[in-house]
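Inside the fold
Here's the letter readout for the chains.
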Amino acid sequence: MTKPYFTNAEKRTDDVLRFLEPNPNLPDKLLGMAHDFAVFALKILNECPRCPQRTLALNALVQAKDCAVRALLPPVPEGE
């Protein structure tokens, strides 16, 4: 198992972090993308004071991560 990006204390403070913790079961390509978003979330945690704008930034990061990871999924073949 890989080491978590976020501590339990950080996750208790900012519940949204649970959605930014990369799932180690993802294929490498998707895991790499999710990793980059987790690293940026750490930057936000370390450099921005806890405030409503930081919460909004983390929530927006979750949305962006979800979209980026889905964009890497193979397209559905025609006729299905």
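Residues numbered from 1 in each chain as written. Predicted model: local features only at pLDDT ≥ 70, side-chain atom pairs only at ≥ 80, totals over all residues. Heavy atoms only, no water.

Remarks on the confidence of the model for the protein chain
Mean pLDDT for the protein chain: 93, with 96% of residues reaching 70 or above. The least confident element of the protein chain is helix H1 (residues 8-13), whose mean pLDDT is 92; the most confident is helix H3 (residues 52-71), at 97. (pLDDT = per-residue confidence, 0-100. Helix = DSSP H or I, 4+ residues; strand = E, 2+ residues; numbered from the N terminus.)

Some remarks on helix H2 (residues 28-47)
Over its 20 residues, H2 extends 28 Å from the first C-alpha to the last, a length consistent with the 28 Å expected when each residue adds 1.5 Å. Within the span of H2, buried status applies to Leu30, Ala34, Phe37, Ala38, Ala41, Ile44 and Leu45. For H2, the angular spread of buried residues about the axis comes to 110°, placing them on one side. Among the exposed residues of H2, those pointing more than 90 degrees away from its buried face are Asp28, Lys29, Asn46 and Glu47. Buried positions along H2 lie against H1 and H3. (Expected span 1.5 Å × (residues − 1). Buried < 20%, exposed > 50% of the residue type's maximum accessible area, 1.4 Å probe, protein only. Arc of directions from axis to C-beta. Contact = heavy atoms within 4.5 Å.)

Examining the nonpolar core
Counting 13 residues, the largest nonpolar core has Phe6, Leu17, Leu20, Ala41, Leu58 and Leu61 as the members making the most contacts within it. Contributing elements (two or more residues each) for this core: H2 and H3. No other element matches the 5 residues that H2 contributes to this core. Leucine 17 has contacts with Phe6, Glu10, Lys11, Leu45 and Leu58, leaving out every residue within four places of it along the chain. (Core = buried A, V, L, I, M, F, W, Y, C linked by side-chain atoms within 4.5 Å.)

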